[in-house]
Amino acid sequence: MGSEEQVRVLMVTFSYQGHLNPILRLAKLLVSKGLHVTIATTEVARKQMLKPKTSITQDTTRVHFEFFSDGLTDDFDRQKYVSSLLESLEAAGSKNLSNLITNLTTEDKKFSCIITNPFMPWVVDVAAEHNIPCAVLWIQACAVYSIYYRYFNQPQLFPSLENPNEAVELPTLPVLLVKELPSFILPSNPIHFNKLMIKFVQNLGKVKWILGNSFNELEEDIVASLASLKPIIPIGPLVSQFVLGKEETVTAASLDKWRAEDSCIEWLDERPPLSVIYISFGSITELSQNQMDSIAAALKNANRPFLWVIRPQEKKSTELPSGFLEATKDKGLIVKWCSQEKVLMHPAVACFLTHCGWNSTLETVVAGVPAIAYPEWTDQLVDAKLLVDVFKTGVRMKNEEDGTLTAEEVQRCILEVTEGPKATELKKRAMALKDAARKAAENGGSSDQNVNLFINEILGTCF
Ligand code: UDP
């Protein structure tokens with residue numbers, strides 16, 4: 001058997017922020033265990049990485065980057081025409097990736113394993129073509145993997161998807177309403193995502209390992225319920241502090257699309273412990289005017305400081321209500337982007353109003369910060385359910401019947417999560433999960449053992 005140093009792993013991903021983060025963190029974890037890792041992503045990411053704010057370098061991290069074309073021109077609007085992007089990626093991108101693998105392979109330099117993002121299921125075929133064992137890094141909750149798996153393999157478990165209020169009972173999951181399923185499987189959703197997930201499930205037979213960005217203690221029953229089907233191996237939580245250990249290195253490892261405004265950490269330093277409401281909706285979700293108005297009104301009335309991430313908008317053109325900045329200048333800070341993991345770990349943060357992307361969900365669990373869950377689409381609906389009903393570290397912020405959000409509802413949630421006996425319970429539970437997350441990731445913990453087993457299996461298949 002050879003040593004880890006000789007093992008070369010190729011990881012393939014989209015360049016979306018929520019996809020790059022866990023892939024990069026796993027890459028660093030594997031590098032810290034002596035493996036050689038190359039991340040292949042699309043050409044559009046190269047431009048993002050070439051900007052001076054992106055401080056990752058190949059020498060310091062030993063993670064290498066390679067790029068392949070998605071087959072579209074530079075000026076193609078990839079955000080607007082997602083369907084065309086996905087089709088072109090599968091048709092042209094797969095050939096380009098295959099050529100890249102050929103170019104990177106020599107007699108004594110071969111890839112021992114390809115780890116792919118699940119939303120590029122065709123990578124599994126490219127790996128098979130090159131005779132390289134393939135793993136998927138499932139970048140959402142194991143619960144969501146379980147739902148997709150069962151939806152495509154056991155459709156009889158699901159009631160009519162046309163009726164949004166019907167209940168769905170799946171093993172080891174809380175009862176979900178149809179409208180709480182990942183929105184990609186609802187009939188109202190664009191068919192290309194559905195096709196993507198069908199292909200993902202169909203290709204599972206060719207995948208040797210499904211690695212989950214979660215930890216056993218967080219989703220134990222769900223993980224156990226999949227053991228006799230297509231098991232998922234929890235190797236997370238993939239968060240920077242567990243991957244790298246040192247805070248300085250965490251910043252250097254950033255591949256963020258926007259520059260983090262680090263002054264917000266100094267601002268947090270000046271706030272009392274457990275006082276600040278942190279608000280962020282990830283890298284894609286954009287608020288409507290009604291949502292922004294209601295959140296702003298609640299923050300203005302709240303008896304607490306707040307830190308709110310409002311990204312430059314790409315699709316909508318909502319604005320803060322007039323007079324809001326002036327009225328809240330002593331208690332609020334608005335930034336375009338921040339080092340979210342650092343913010344959540346800061347002792348001043350009391351709660352997190354989140355859209356429940358899986359990275360944000362895990363990051364708040366790891367930080368022991370209770371959440372106000374306000375999901376929008378895709379897996380976020382399930383993550384919100386997990387936070388509230390399974391992890392019991394959050395409350396759910398709800399829209400009215402007509403789909404609008406009221407300031408009273410935002411206020412109700414802020415109070416519930418920060419004051420009174422329920423808030424105390426939520427914090428206690430959040431701290432217990434924080435501790436469990438640390439234990440899972442440390443030497444000899446459940447996820448650490450799973451990573452080591454995975455590496456040993458790669459070593460076993462390549463020598
Ligand atoms: N994030 C960040 N700074 C911000 C907002 C978000 O670094 O100001 C990071 C966050 O830590 C997470 C990622 O962006 O790792 C967002 O991923 P998530 O899965 O939560 O949501 P998505 O953006 O995919 O909807």
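Definitions and limits used
- Residues numbered from 1 in each chain as written.
- Predicted model: local features only at pLDDT ≥ 70, side-chain atom pairs only at ≥ 80, totals over all residues.
- Heavy atoms only, no water.
- Salt bridge = Lys/Arg side-chain N within 4 Å of Asp/Glu carboxyl O.
- Helix = DSSP H or I, 4+ residues; strand = E, 2+ residues; numbered from the N terminus.
- Buried < 20%, exposed > 50% of the residue type's maximum accessible area, 1.4 Å probe, protein only.
- Axes fitted to C-alpha atoms, helices over the stretch in contact; angles between N-to-C directions.
- Parallel < 35°, antiparallel > 145°, perpendicular 65-115°, else oblique.
- Left-handed = near helix turned anticlockwise from the far one by under 90°.
- Contact = heavy atoms within 4.5 Å.
- Nonpolar A, V, L, I, M, F, W, Y, C, P; charged D, E, K, R; others polar.
- Pairing = 2+ DSSP bridges.
- Phe/Tyr/Trp six-rings, centres within 6.5 Å; stacked < 30°, edge-to-face > 60°.
- Lys NZ or Arg CZ within 6 Å of the ring centre and 35° of its normal.
- Near = heavy atom within 4 Å.
- Polar contact = N/O pair within 3.5 Å; in protein donor to acceptor, adjacent residues only side chain to side chain.
- Patch = residues over 30% accessible without salt bridge, like charges linked within 9 Å, V, L, I, M, F, W, Y side chains within 5 Å.
- Areas by Shrake-Rupley, 256 points an atom, 1.4 Å probe, with all protein chains shown as cover.
- Lys, Arg positive; Asp, Glu negative; His and termini not counted.
- Charge placed at Lys NZ, Arg CZ, Asp CG, Glu CD.
- Right-handed = clockwise from strand over helix to strand, strands pointing away.

Under an unreviewed UniProt entry, the name given to the chain is Glycosyltransferase, and the organism recorded is Melia azedarach.

K.L.:
Is there a simple way to explain the pattern of salt bridges in this structure?
P.N.:
If the charged atoms of two oppositely charged side chains come close together, the side chains can form a pair. Tallied over the full model, the rule gives 19 salt bridges. With its nearest N and O atoms 2.8 Å apart, the salt bridge here joins Asp448 to Lys33. One end of the pair, Asp448, is in helix H19 (residues 446-462); the other, Lys33, is in the loop between helix H1 (17-32) and strand E2 (36-42), and 415 residues separate them in sequence. In this structure, Asp70 engages Arg78 in a salt bridge whose closest nitrogen and oxygen atoms are separated by 2.7 Å. A residue is classified by how much of its surface remains accessible, and Asp70, at 3% relative accessible area, is buried. Since its relative accessible area comes to 14%, Arg78 is described here as buried.

K.L.:
So what exactly am I meant to see when it comes to the packing of helix H6 (residues 142-153) against helix H16 (residues 380-390) here?
P.N.:
Packed helix pairs are specified by the crossing angle of their axes together with the interaxial distance, meaning the distance between the axes. Between H6 and H16, the least distance of the axes is 9 Å, while the angle of their chain directions is 130°. Judged by the angle between their axes, H6 and H16 are oblique. Helix-helix and strand crossings are classified by hand; for H6 and H16 the assignment is right-handed. Packed against H6, whose contacting residues are Ala143, Val144 and Ile147, the element H16 presents Val382, Asp383 and Leu386 at the interface. When the residues that make up the contact of H6 with H16 are grouped by side-chain class, the tally is five nonpolar, no polar and one charged.

K.L.:
Is there a simple way to think about the sheet that holds strand E15 (residues 394-396) in this case?
P.N.:
The pairing of strands in a sheet happens through backbone hydrogen bonds and is either parallel or antiparallel. As summarised here, the arrangement of the six strands in space is E12-E11-E10-E13-E14-E15, forming an open sheet in which the pairing is parallel. The sheet terminates laterally at strand E12 (332-335) and E15, the two strands that pair on one side only. Neighbour-to-neighbour, the strand axes of the sheet open up by a mean angle of 15°, direction not taken into account. Bridge count for strand E14 (residues 371-373) against E15 is three bridges, and the pairing is parallel. Within the sheet, the bridge partner assigned to Ala373 lies in E15 and is Arg396. Against the sheet, helix H12 (residues 289-301) makes contact with strand E10 (276-280), strand E11 (306-309) and strand E13 (349-354), and its axis sits at roughly 165° relative to E11, the strand it touches most. Where H16 meets the sheet, it contacts E14 and E15, and its direction lies at approximately 130° from that of E15.

K.L.:
Before we go on, may I ask you to explain the packing of aromatic side chains in this structure?
P.N.:
The description of two aromatic rings rests on the distance between their centres and on the angle between their planes. The full count for this structure, using the stated rule, is 16 aromatic pairs. Between Phe14 and Tyr16 the ring centres are 5.3 Å apart and the planes differ by 40°, which places this aromatic pair in the tilted class. In this structure Tyr16 comes out as partly exposed when scored by relative accessible area, which is 32%. For Arg8, the ring lying beneath its charged end belongs to Phe111, and the centroid distance is 4.8 Å.

K.L.:
How should I be thinking about the site of the ligand in this particular structure?
P.N.:
Taken together, 19 residues lie around the ligand, and Ser283, Cys338, Asn359, Ser360 and Glu363 are the ones closest in. For the ligand, an oxygen atom lies 2.4 Å from a polar atom in the side chain of Ser283. Here an oxygen atom of the ligand sits 3.4 Å away from a polar atom, N or O, in the side chain of Gln340. Listing elements by their share of the shell around the ligand, those giving two or more residues are H1 and helix H15 (358-367). Classifying every residue of the shell around the ligand gives five nonpolar, 11 polar and three charged.

K.L.:
I'm lost on unusual backbone geometry in this one. Help?
P.N.:
Most peptide bonds take the trans configuration, and most residues that are not glycine carry a negative phi. Cis rather than trans, the peptide bond between Gly236 and Pro237 has omega equal to 0°. Position of Pro237 relative to the elements: it lies in the loop between strand E9 (233-234) and helix H9 (240-244). Phi is positive for Thr172, which is not a glycine, with a value near 60°. As for its placement among the helices and strands, Thr172 is situated in the loop between strand E6 (167-168) and strand E7 (176-177). Looking at Thr172, the relative accessible area reads 40%, which means it is partly exposed. The phi dihedral of Cys356 is positive, around 70°, even though this residue is not glycine. Following the sequence through the fold, Cys356 ends up in the loop between E13 and H15.

K.L.:
What should I look at first to understand the side chain of Arg78 in this one?
P.N.:
Position of Arg78 among the secondary structure elements: in the loop between strand E3 (63-68) and helix H4 (82-104). A polar contact of 2.7 Å, which involves the side chain of Arg78, links it to the side chain of Asp70. A polar contact is formed between the side chain of Arg78 and the backbone oxygen of Thr73, at a distance of 3.2 Å. For Arg78, the residues in contact, after removing those within four places along its chain, are Val44, Asp70, Leu72, Thr73 and Leu85.

K.L.:
Sorry if this is basic, but what is going on with a negative patch on the surface here?
P.N.:
On the surface, Asp262, Glu266, Asp269 and Glu270 cluster together into a patch of negative charge. Mapped onto the elements, Glu270 comes out in the loop between helix H11 (263-269) and E10. Judged by its relative accessible area of 62%, Glu270 is exposed.

K.L.:
Is there a simple way to think about the pairing of strand E4 (residues 113-116) in this case?
P.N.:
Look at any regular strand and the pattern is simple: side chains alternate between the two faces of the sheet. Residues Cys113 and Ile115 point to one face of E4 and Ile114 and Thr116 to the other, with burial holding for every one of them. As paired strands, E4 and strand E5 (residues 134-138) are joined by three bridges and run parallel to one another. Counterpart to Ile114 in the pairing with E5 is Cys134. With helix H5 (residues 123-129) bridging E4 and its parallel neighbour E5, the resulting β-α-β unit is right-handed.

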